[in-house]
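As a plain string of letters, each chain reads:
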Amino acid sequence: MAVIRGRAEVFVRYSSDPDPLVRRPAIEGLGLFLDDSARVVEILRSLLSESGTVERLLIARTMATVGLRDAAAHGVATRWLEALAADVTVLPEVRLAALVHRARCTPREIGGDVLPAAIDLLRKIVPDGDGRDEAPSCQAGTEQGDAASSMSAQGVPPQIAAAFEDLERQSSFHAPTTSLLNAFHTLLDDRVPERTALLAAQLCSVDPTMRYDAIRMGRELIAQWRGDHTGLIVLLAECLLTEDAYTCAAAAEALGSLGPVSEPARDALASYVEATRAAHGPRVWAARDRLLRRAHQEAVRALARLGDLRALPSVLTALDEGTDAWRAVQVAGHLYEAAGDLTPRLSKLLAEVDFSDPSQSMSANALVSALGQLAGPADAPELTNVITATVRHKQWHMAASALNALASLGPGAACALEVVRPLADAQDINVRAAATAAMWELEGDAGRVVPQLVELLDSHQRHEVADVLGRIGPDASLALPRLRKMLTADYEWTRVHAAAALWDIGGDAGAPVVVETLLAAWAENDSTSNHVLACLNRMGRAARPALPRIREELTLLRRSGRFRSITNDEELLNACRSIAARA
C-alpha cells in the first residue's frame, strides 16, 4: 500500500487519459491512494463536467470514498454529493449515484425521503439518452455458448462447462448503474420492504439493461431474506417475454432457483413454455438459436421443479433425443405423477453409461438420483444392474448412490437382496454402510443389521448409520450405549445425529438430554437446524423446552437452514410453526 501511495501522482495523470479503460480505474485510485484529500476533491470536481456517464458515477463513488477515508474531507464530500443529487440539470443516473453515495457517508442518518427520491430518479432513467454509454451487447450469451461447446468438444462433462458459463454470466453487468444499485441494497441491508420497493422500480424500468440486472438482485434478496415475496416473484415472471429470450432465460433461471416460493410464477412459466413450443415446434428444447434454447430449457426446468406436468413434453423430448438431456435429468425427479413415462427413459440412459469411465459419474449419479425419486419396485432390476456394474469397476461412490436409491424402493425390491447382502462386507466403507442400510429397508431384519450398523458407528459414515438406526427404532436398542458416547463428540454434527437416533430408539427416557444436545448444536452451528428441527418435531410435547428458541427463530428475518437454501429454510420454518402450534 505504501509503495502505491508513493506513486499516487500516476493516478492524477491517468484520470484525464483519453482511454476510458484507463480513466476509470485511475479515478477510483485517486480516492484510495492520494494522501491529499482536499486535492482529490478538487480534481474530482474538475473531472465531472468532462466525463461520460460511467466516469461520473465513479466520481460520485470516489468522492464518498474520500469522505469516508478522511474525516477532514467528510463534510465537503457530503455537501458536494448532496448538491449534485439535487441538481436537476444533471443526468438522473448521476443524481442517483450522488444520492446513494451521500447516504453511504452517513448510513445512520438515512431518512424516509431517500428511497422515494431514489425511485423517482430510477423512473427518469431512459435507454439511449444523450451522453449515455452504450450498454453491453447481449451477444455475450452467444459467446458463452460457444465457449461451453468448445469445452464439451474437449471432453469436459457438460455440467462442468455449463457451470463455467454460469459463472461468467453472473460476473457480467449490463447497466452502468448496477454496481451503484448493488451498493444501495448493501446499505439498506435488512430493510426488506424498502429493498423490495427499490427492486420493483428496477424491474419496471424502461431500461432493459436495468431490468436484466435487477433479476439477479431480486433472486439474491429472496434467497437471503424471509418474507412474502409474491410481488417480486410476479415481477420476475413478467420478464418471461417471448420477444426477449436473453432476459427471459435469466428470469426463468432465477425462478427455478427459488424453490417453493416461486409458486406465484407457475402459470407464467407454463404459458412461456407452451408459447415457445407452439411458435418453434416440439423440438424447441434443442433449438439452434442458443438464447431461445436456454430460455426454453430454463423455463421448463423451473416449471418441473414445481412438479407441473406442463413441463413434461419438453423433458421427454430431451430424454428421447439426447440434446442437453442432463438438464432434463436434473429435474425429472420432481415430476412424480409422470413416473410411468420417465422411468423407462431414465433406465435406458442409465443402461448406456460406461461405468468404467469416471468422467461419466456425474451423469450416472444424476440418473440414479432421479430414478430413486420416481422408481417403483418394478425398477429394482435396473438399479441392481447398476450396483453390479459399479462394484465390478470399483466405482464405489456410484455404487453407494445406487444402493441408496434401491433402498428407497422398500420391501418391494427384496428381489435384489442376493446382490445387496454380500456388499455389507465390501472393502469400501461407503458401500458397506449403504448395503447394510439397504438390507434393513428391503427385508426389515433388525437382528441381522443392527450389530453391523453398531460396528459402522466407528467409521466416517457414522452420521448416516445413526440415521438408519433411528429409523429401525426400539429394535436398535443395542446401539444406545454407543450413541450416548457419541453425544460427547467434539463435532456438533455427530452429536445431532446421535441425539436424534437416541430419541427415535429410546423415546421419552432420553428426552431431556436429547433436547439439550440439539439446542447446543444448533447454537454452535446454524447449519444443523434442519436436522435439529426435524427431530424436535418428531418429539411432540417432549420438545417443549425448545419452544423459546423456536419462537425466536420465527422472528428472524435472514434465511437459515442448511446451506441457507430457500427450500431448507422454508422446511425449517414449517417445522418451527408445527412445533409452536402444538405447544
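Residues numbered from 1 in each chain as written. Predicted model: local features only at pLDDT ≥ 70, side-chain atom pairs only at ≥ 80, totals over all residues. Heavy atoms only, no water.

A. Quick look at the nonpolar core. Grouped together as the largest cluster of nonpolar side chains are 200 residues, with contacts concentrated most on Leu-269, Leu-342, Leu-406, Leu-483, Leu-533, Leu-536 and Met-539. Contact partners of Leu-483, with chain neighbours within four places excluded, come to Leu-457, Ala-466, Ala-498, Ala-501, Leu-502 and Ile-505. (Core = buried A, V, L, I, M, F, W, Y, C linked by side-chain atoms within 4.5 Å. Buried < 20%, exposed > 50% of the residue type's maximum accessible area, 1.4 Å probe, protein only. Contact = heavy atoms within 4.5 Å.)

B. Structural context of the packing of helix α23 (residues 396-407) against helix α25 (residues 429-443). One can describe the packing of α23 onto α25 by two numbers: an axis separation of 9 Å at closest approach and a directional angle of 10 degrees. Regarding the angle of α23 to α25, the classification is roughly parallel. Only Asn-430, Val-431, Ala-434, Ala-435, Ala-438, Glu-441 and Leu-442 of α25 make contact with α23, whose side of the interface consists of Trp-396, Ala-399, Ala-400, Leu-403, Asn-404, Leu-406 and Ala-407. Of the residues assigned to the contact of α23 with α25, the class counts are 11 nonpolar, two polar and one charged. (Axes fitted to C-alpha atoms, helices over the stretch in contact; angles between N-to-C directions. Helix = DSSP H or I, 4+ residues; strand = E, 2+ residues; numbered from the N terminus. Parallel < 35°, antiparallel > 145°, perpendicular 65-115°, else oblique. Nonpolar A, V, L, I, M, F, W, Y, C, P; charged D, E, K, R; others polar.)

C. Inspection of the environment of Ser-369 at higher detail. Inspection of the secondary structure assignment puts Ser-369 in helix α21 (residues 361-374). The exposure class assigned to Ser-369 is partly exposed, which follows from its relative accessible area of 40%. In this structure, the C-alpha to C-alpha distance between Ser-369 and Gly-111, residues 258 residues apart in sequence, is 51 Å.

D. View of the packing of aromatic side chains. Following the criterion strictly, the structure yields two aromatic pairs and no others. With a centroid separation of 4.7 Å and an interplanar angle of 10 degrees, the aromatic rings of Tyr-212 and Tyr-246 are classed as stacked. With Tyr-212 in helix α13 (residues 208-224) and Tyr-246 in helix α15 (residues 245-257), this pair connects stretches of sequence that are 34 residues apart. We classify Tyr-246 as buried; its relative accessible area is 5%. Arg-562 extends its terminal NZ or CZ atom over the ring of Trp-493, reaching a point 4.8 Å from the ring centre. (Phe/Tyr/Trp six-rings, centres within 6.5 Å; stacked < 30°, edge-to-face > 60°. Lys NZ or Arg CZ within 6 Å of the ring centre and 35° of its normal.)

E. The arrangement of unusual backbone geometry in detail. Positive phi is not limited to glycine here, since Phe-563 has a value of about 65 degrees. The backbone of Arg-564 shows a phi angle near 55 degrees, a positive value even though the residue is not glycine. Residue position: Arg-564 is located in the loop between α32 (547-555) and α33 (566-582).

F. Structural view of helix α7 (residues 92-105). Between its first and last C-alpha, α7 extends 20 Å over 14 residues, near the 20 Å set by a 1.5 Å rise per residue. Counting buried residues in α7 gives 12 out of 14 residues, a clear majority hidden from the surface. Restricting attention to buried positions, one finds in α7 the residues Pro-92, Glu-93, Val-94, Arg-95, Leu-96, Ala-97, Ala-98, Leu-99, Val-100, His-101, Ala-103 and Cys-105. On its buried side, α7 packs onto α5 (53-69), α6 (71-86), α8 (114-124) and α11 (178-188). (Expected span 1.5 Å × (residues − 1).)

G. Fine view of the packing of α15 against helix α17 (residues 290-305). At a closest axis distance of 8 Å, the pairing of α15 and α17 adopts a crossing angle of 25 degrees. Looking at the two axes, α15 sits roughly parallel to α17. By crossing handedness, the relation of α15 to α17 is classed as left-handed. In this structure, α15 uses Ala-245, Tyr-246, Cys-248, Ala-249, Ala-250, Ala-252, Glu-253, Leu-255 and Gly-256 to contact α17, whose residues at the interface are Leu-291, Leu-292, Arg-294, Ala-295, Glu-298, Ala-299, Ala-302 and Arg-305. Classifying every residue of the contact of α15 with α17 by side-chain character gives 12 nonpolar, one polar and four charged. (Left-handed = near helix turned anticlockwise from the far one by under 90°.)

H. Expanded view of helix α19 (residues 325-332). Most of α19 sits inside the fold, with seven of its eight residues counted as buried. Taken residue by residue, α19 has Ala-325, Trp-326, Arg-327, Ala-328, Val-329, Val-331 and Ala-332 as its buried positions. On its buried side, α19 packs onto α10 (158-170), α17, α18 (312-321), α20 (339-351) and α21.

I. Spotlight on the pattern of salt bridges. Inspection of every chain in the model, using the stated rule, returns 33 salt bridges. Residues Asp-267 and Arg-310 are paired through a salt bridge, measuring 3.1 Å at the closest nitrogen-oxygen approach. One end of the pair, Asp-267, is in helix α16 (residues 266-280); the other, Arg-310, is in the loop between α17 and α18, and 43 residues separate them in sequence. Note on Arg-310: relative accessible area 31%, which makes it partly exposed. When the shortest N-O distance is used, the salt bridge between Arg-538 and Asp-504 registers 2.9 Å. Remark: Asp-504 occurs in helix α29 (residues 492-506) and Arg-538 occurs in helix α31 (residues 529-539); sequence separation between them is 34 residues. Taking the relative accessible area as the measure of exposure, Arg-538 reaches 44% and is therefore partly exposed. Given the relative accessible area of 23%, Asp-504 is considered partly exposed. (Salt bridge = Lys/Arg side-chain N within 4 Å of Asp/Glu carboxyl O.)

J. Structural detail: the state of the cysteines. This model, assessed by the stated rule, comprises zero disulfides. Cysteine Cys-239 is unpaired, with the sulfur of Cys-204 as its nearest cysteine sulfur at 8.6 Å. (Disulfide = S-S within 2.5 Å.)

K. Quick look at a nonpolar patch on the surface. Together, Ile-160, Phe-164, Leu-167 and Met-362 line one region of the surface with nonpolar side chains, adding up to about 360 Å² of accessible area. With three residues, α10 is the single largest residue contributor to the nonpolar patch. When you line up the elements, Met-362 lands in helix α21. You can call Met-362 partly exposed: its relative accessible area is 36%. (Patch = residues over 30% accessible without salt bridge, like charges linked within 9 Å, V, L, I, M, F, W, Y side chains within 5 Å. Areas by Shrake-Rupley, 256 points an atom, 1.4 Å probe, with all protein chains shown as cover.)

L. Main features of the confidence of the model for the chain. Of the residues in the chain, 95% have a pLDDT of 70 or more, and the chain-wide mean is 93. Here residues 129-143 is a poorly scored stretch, pLDDT under 50, and it has 22 contacts once near neighbours within four places are set aside; other chains count. (pLDDT = per-residue confidence, 0-100.)

M. View of the side chain of His-296. Tracing the sequence through the fold places His-296 in helix α17. Polar contacts involving the side chain of His-296 include one to the side chain of Thr-276, which spans 2.7 Å. (Polar contact = N/O pair within 3.5 Å; in protein donor to acceptor, adjacent residues only side chain to side chain.)

N. Representation of the side chain of Gln-395 within the structure. Secondary-structure assignment places Gln-395 in the loop between α22 (380-392) and α23. For Gln-395, a relative accessible area of 16% puts it in the buried group. Ignoring sequence-local partners within four residues, the contact set of Gln-395 consists of Phe-355, Ser-356, Pro-358 and Thr-390.

O. Local environment of the environment of Val-94. Within the fold, Val-94 resides in helix α7. Of the residues examined, Val-94 reaches a relative accessible area of 1% and is grouped as buried. Expressed as a C-alpha distance, the spacing of Val-94 and Leu-48, which sit 46 residues apart in the sequence, is 9.9 Å. Contacts of Val-94, omitting those with residues within four sequence positions, involve Arg-56, Leu-57 and Leu-84.

P. Expanded view of the environment of Met-439. Mapped onto the elements, Met-439 comes out in helix α25. When its relative accessible area of 2% is taken as the criterion, Met-439 is described as buried. In this view, Met-439 contacts Leu-417, Val-420, Arg-421, Ala-424, Gly-444, Arg-448, Val-449 and Gln-452; residues no more than four positions away in its chain are not counted.

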